[in-house]
Structure formats: C-alpha cells, structure tokens
Amino acid sequence: MALISLAQGLAHAQQNGYALGAFNVLDTHFLRALYQAAERQRSPFIISIAEVHFKYVSLEHLVAAVRTEAVLHDIPVVLHLDHGLHFEAVMQAIRLGFTSVMFDGSTLSYEENVRQTREVVKMCHALGVSVEAELGAVGGDEGGALFGEADSDKFTDPAQAADFVQSTGIDCLAVAIGNAHGKYKGEPKLDFDRLAEIRTTAGIPLVLHGGSGISDADFRRAVSLGINKINFYTGMSQAALGAIEAQIAQRDARYDSFAELLMAVERDIANVVAQQMQVFGSAGRA
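Residues numbered from 1 in each chain as written. Predicted model: local features only at pLDDT ≥ 70, side-chain atom pairs only at ≥ 80, totals over all residues. Heavy atoms only, no water.

### A short note on the sheet that holds strand E3 (residues 77-84)
Line of reasoning, step 1. Strands sit in the order E1-E2-E3-E4-E5-E7-E9-E10 around a closed barrel of eight strands; the barrel is parallel. Neighbour-to-neighbour, the strand axes of this sheet turn through a mean angle of 25 degrees, independent of strand direction.
Line of reasoning, step 2. Relative to strand E4 (residues 100-103), E3 runs parallel, the two being bridged by three bridges. Its bridge partner being in E4, Leu81 is matched across the sheet by Val101.
Line of reasoning, step 3. Relative to strand E9 (residues 206-208), helix H7 (residues 192-202) is tilted by about 150 degrees, and along the sheet it contacts strand E7 (172-175), E9 and strand E10 (227-232). (Pairing = 2+ DSSP bridges. Helix = DSSP H or I, 4+ residues; strand = E, 2+ residues; numbered from the N terminus. Axes fitted to C-alpha atoms, helices over the stretch in contact; angles between N-to-C directions. Contact = heavy atoms within 4.5 Å.)

Structure representation (structure tokens):
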C-alpha cells in the first residue's frame, strides 16, 4: 500500500492506545527484516533513516527500495527522517518522498528552536509531510556512542511544551524524561509524573527516543501516559552484531557463508522487532 504520513499513523495509535515503533534502516536487509516482523505481527510501523546515517547509505536507492517494498504489503508504513539537524537534510528527505521528518533543534536556544521548527512546519505541512520536533535534550549520542545517560537539567519542561507546540504547529513532540540514545548506563529511570504533565500541557502525541534498554513494563506505562511513537535502533544493531558473531564462530569454508550470515542478521533483527511490536501494543493493528 502507499506510504502514510506520521500524522495519520499517530491518529490511529492515539485512538487505539498503542505506540508506533520507529525502526532505523541501513540497508535492504534491515528493511526486509522490518517487513518480516510486521507481517508476522500484523503491525503498522515507521521506517526511519537518520541524518547521521546518510554517510552509510545510498539514500536515493534505499528510498526506492522502501517504496518498492511498501507496495508489496498491505501494512500501513511511514517513511521518516530521524534527527534531521539541517534544513538541507529536511529538503532532501522531502524531495525523495519522505512522509514525515524530525527537525531536531534541541541543541539550539529555545527561541531559535521555535523559529527554525516553525519554518520547517510551514514548509512541510504545505506538502502534506508531518513534523516531529524535540524539546529538552534526550541523553546519549545519536551518532553511535555505546552508552548514553540522561541529564535531568535538560528534561522537557511541561509548561514550555505547551508554548512550543502552540508556537510551532508540530504534529508530535519528542520528550526528554530520563531516556537516552544507545545502551543505558545502569537502569533507565523515566520521570512518569513529568510525562503525564507534558501530555496534559502539550495536547499532541508524544515520542520516546532511546527505546533500547527500557523495560517492557516501563514501555507500557509510557504508552498509557501519551507516548504514541517509540524509537528503537540500538537493540536491532546489537541483534545484528550478535548474529554476525555467531555465524563467524561456526563458519566453514563454503562460498555461501556470507549469504548465510546476512540471512541470520535479517532473522535476528526481525525477531527483536516483532517482540517490540507486541510490547508497544501495535501488533494486530494493521
């Protein structure tokens, strides 16, 4: 089926009390793994391509593969730019047919974050493209650092969230409530009281970044408090690395060993993603 916008996907998730998983892809093996999981779970989902990963992919070819795969399945899917840091990346995504973008102005001053996000929203909404933004600062490093931790001084301010949403017109808001990119140092401690307050003040679907490492119980509680999109990548990457290590440890001299390794990567990513779809409550929603 045709790709849908993030606003469309979030509206259904919000009405039915679940979260869409946003899973990053680096190549067609990741892409095929996501569709294997989605078909198994009958789950809508989000295909994310992060700006920091542009250097690893042929973006035009990967987007073409996404579009080809989408028409082969009857699963609602969003194509999303993850952590777009520059207008050039946002423009490139729009030109290639992304149905959603995240403009990440979290490192800017509040006033500049509002100004630049508002401009992105104005441009994207004119073209039917949804916009996610971030207020506060999610811990860790989107660029691939192994461990991340949250800084409570940079948590999302609930009162400021209301002004930010009203001033920018965004479709969803990524919040900082103790979540972090990469693997967590120790156990993540999410500020659920803050999340509940943000849900009340912001009034739009909320996004949880840094999903890998959060417990199933905390995921479910976060969804019940207004999280309708969850970003999940590190767990997929770790599953792929584990599959590679296992295949190398038992490999023989056959010429097709590398092909078998790639199939193992797909299988293990699909298993991890299928499990998260169940936890996020999106299974059976397609």
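Next comes the rest of the account.
### Points about helix H10 (residues 257-280)
Line of reasoning, step 1. The first and last C-alpha atoms of H10 sit 35 Å apart over 24 residues, in line with the 34 Å expected at 1.5 Å per residue.
Line of reasoning, step 2. Positioned one or two residues after H10, Gly281 has a phi angle of 85 degrees, which is positive. (Expected span 1.5 Å × (residues − 1).)

### Considering unusual backbone geometry
Line of reasoning, step 1. Phi at Arg42 is positive, roughly 50 degrees, even though this residue is not glycine.
Line of reasoning, step 2. The class for Arg42 is partly exposed, based on a relative accessible area of 27%.
Line of reasoning, step 3. Positive phi outside glycine occurs at His83, with the angle close to 50 degrees.
Line of reasoning, step 4. Examined against the element boundaries, His83 turns out to sit in strand E3.
Line of reasoning, step 5. For His83, a relative accessible area of 3% puts it in the buried group. (Buried < 20%, exposed > 50% of the residue type's maximum accessible area, 1.4 Å probe, protein only.)

### So, the nonpolar core
Nonpolar side chains tend toward joint burial in soluble globular proteins.
Line of reasoning, step 1. Ranked by internal contacts, the top residues of the largest apolar core, which has 77 residues, are Phe45, Ile47 and Leu173.
Line of reasoning, step 2. When residues in this core are grouped by element, the largest group, 10 residues, is from H10.
Line of reasoning, step 3. If you look at the next biggest cluster of nonpolar residues, it comprises 13 residues, including Leu6, Ala22, Ile46 and Cys172. (Core = buried A, V, L, I, M, F, W, Y, C linked by side-chain atoms within 4.5 Å.)

### Considering the packing of aromatic side chains
Line of reasoning, step 1. Using the criterion set out here, one finds six aromatic pairs in the structure.
Line of reasoning, step 2. Summarising the aromatic geometry, the rings of Phe23 and Phe232 are spaced 6.3 Å apart at their centres and angled 70 degrees between planes, so their arrangement reads as edge-to-face. Here Phe23 is found in strand E1 (residues 20-24), whereas its partner Phe232 is found in strand E10, with 209 residues between them in sequence.
Line of reasoning, step 3. Taking the relative accessible area as the measure of exposure, Phe232 reaches 5% and is therefore buried.
Line of reasoning, step 4. Ring centres of Tyr110 and Phe164 lie 6.1 Å apart, and the angle between their planes is 50 degrees; this geometry places the pair in the tilted category. Here Tyr110, found in helix H5 (residues 110-126), pairs with Phe164, found in helix H6 (residues 158-168); they are 54 residues apart in sequence, far enough to count as distant.
Line of reasoning, step 5. The buried category is assigned to Phe164, whose relative accessible area is 0%.
Line of reasoning, step 6. The structure contains a cluster of three or more aromatic residues connected by ring pairs, namely Phe23, Phe219, Phe232 and Phe280. (Phe/Tyr/Trp six-rings, centres within 6.5 Å; stacked < 30°, edge-to-face > 60°.)

### Here we look at the side chain of Glu51
Line of reasoning, step 1. On the secondary structure map, Glu51 appears in the loop between strand E2 (45-50) and helix H3 (59-71).
Line of reasoning, step 2. Although Glu51 lies buried, it forms no salt bridge, and the closest oppositely charged side chain, Lys55, sits 11 Å away as judged by the N-O distance.
Line of reasoning, step 3. Those residues in contact with Glu51 that sit more than four places away from it in its chain are Leu81, Asp82, His83, Gly84, Leu85, His86 and Ala89. (Lys, Arg positive; Asp, Glu negative; His and termini not counted. Salt bridge = Lys/Arg side-chain N within 4 Å of Asp/Glu carboxyl O.)

### Quick word on the packing of H7 against helix H8 (residues 216-224)
Line of reasoning, step 1. Contact geometry for H7 and H8: axes closest at 10 Å, N-to-C directions at 25 degrees. Considering the angle they form, H7 stands roughly parallel to H8. Handedness of the H7/H8 crossing: right-handed. Where H7 abuts H8, its residues Phe192, Leu195 and Arg199 lie against Asp218, Arg221, Ala222 and Ser224.
Line of reasoning, step 2. By residue class, the composition of the contact of H7 with H8 is three nonpolar, one polar and three charged. (Parallel < 35°, antiparallel > 145°, perpendicular 65-115°, else oblique. Left-handed = near helix turned anticlockwise from the far one by under 90°. Nonpolar A, V, L, I, M, F, W, Y, C, P; charged D, E, K, R; others polar.)

### Here's the deal with H8
Line of reasoning, step 1. Along H8, the residues that are buried comprise Asp218, Phe219, Ala222 and Val223. Around the axis of H8, the buried residues are gathered within 140 degrees of arc, so they sit on the same side.
Line of reasoning, step 2. Residues of H8 that are buried in the fold lie against H7, E9, E10 and H10.
Line of reasoning, step 3. Backbone geometry just after H8 places Gly226 at a positive phi near 115 degrees. (Arc of directions from axis to C-beta.)

### Some details on the pairing of E4
Line of reasoning, step 1. Side-chain alternation along E4 places Ser100 and Met102 on one buried face and Val101 and Phe103 on a second face that is also buried.
Line of reasoning, step 2. Crossover connection from E3 via helix H4 (residues 87-96) to parallel E4: handedness right-handed.
Line of reasoning, step 3. In the sheet, E4 pairs with strand E5 (residues 130-135) via four bridges, with the strands oriented parallel. Note that in E5 the partner of Val101 across the bridge is Val131.
Line of reasoning, step 4. Regarding the hand of the β-α-β motif, the stretch spanning E4, H5 and E5 is right-handed. (Right-handed = clockwise from strand over helix to strand, strands pointing away.)

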